[in-house]
Amino acid sequence: MPKKERADLLSIAMTLAFHHFQESWVKGYFKEEMRMIKTADFIQEWIDEEIEKGIQQGIRQGVKEATQQSIIEFLEGRFDMVPAEII
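Described below are features of the structure shown in this document. Since we're looking at a predicted model, the values are computed, not measured.

### Topic: the overall build of the protein chain
Counting its secondary structure elements, the protein chain contains 4 helices and 0 strands. Reading the protein chain from its N terminus to its C terminus gives the helix and strand order α-α-α-α. By the compact-globule yardstick of 12 Å for 87 residues, the protein chain is too spread out, its C-alpha radius of gyration being 23 Å. Each principal axis of the C-alpha distribution contributes one length, and for the protein chain these read about 70 × 25 × 15 Å. Of all 87 residues assigned to the protein chain, the portion counted as buried reaches 15%. In the protein chain, of all internal contacts separated by at least 6 residues, the share reaching a separation of at least 24 is 51%. Carbon and sulfur atoms form 58% of the exposed surface of the protein chain, whose accessible area is close to 7,400 Å². Across the protein chain, the centroid of the 11 positively charged side chains sits 7 Å from that of the 16 negatively charged ones.

Scoring rules and cut-offs
- Residues numbered from 1 in each chain as written.
- Predicted model: local features only at pLDDT ≥ 70, side-chain atom pairs only at ≥ 80, totals over all residues.
- Heavy atoms only, no water.
- Helix = DSSP H or I, 4+ residues; strand = E, 2+ residues; numbered from the N terminus.
- Rg over C-alpha atoms; globule rule 2.2 N^0.38 Å.
- Buried < 20%, exposed > 50% of the residue type's maximum accessible area, 1.4 Å probe, protein only.
- Contact = heavy atoms within 4.5 Å.
- Areas by Shrake-Rupley, 256 points an atom, 1.4 Å probe, with all protein chains shown as cover.
- Lys, Arg positive; Asp, Glu negative; His and termini not counted.
- Charge placed at Lys NZ, Arg CZ, Asp CG, Glu CD.

As structure tokens, then:
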């Protein structure tokens, strides 16, 4: 079996194992294959997708925090004081 195909199949098996077994057990079981698994196209695509999700979440969180800060500053300017419960 070609190395690339083996790496892809091992990465799929490991991904499925994470859904049914404890993380520490899965990592121990696949310990010897980890270097090969890291070369799998499947894993790289998954990592790229997770990075993109993280970036998008960070953008949304930044916009949310900036909006909240703007509202607090507006209320402070309008009413001089904003109760802690609102903040």
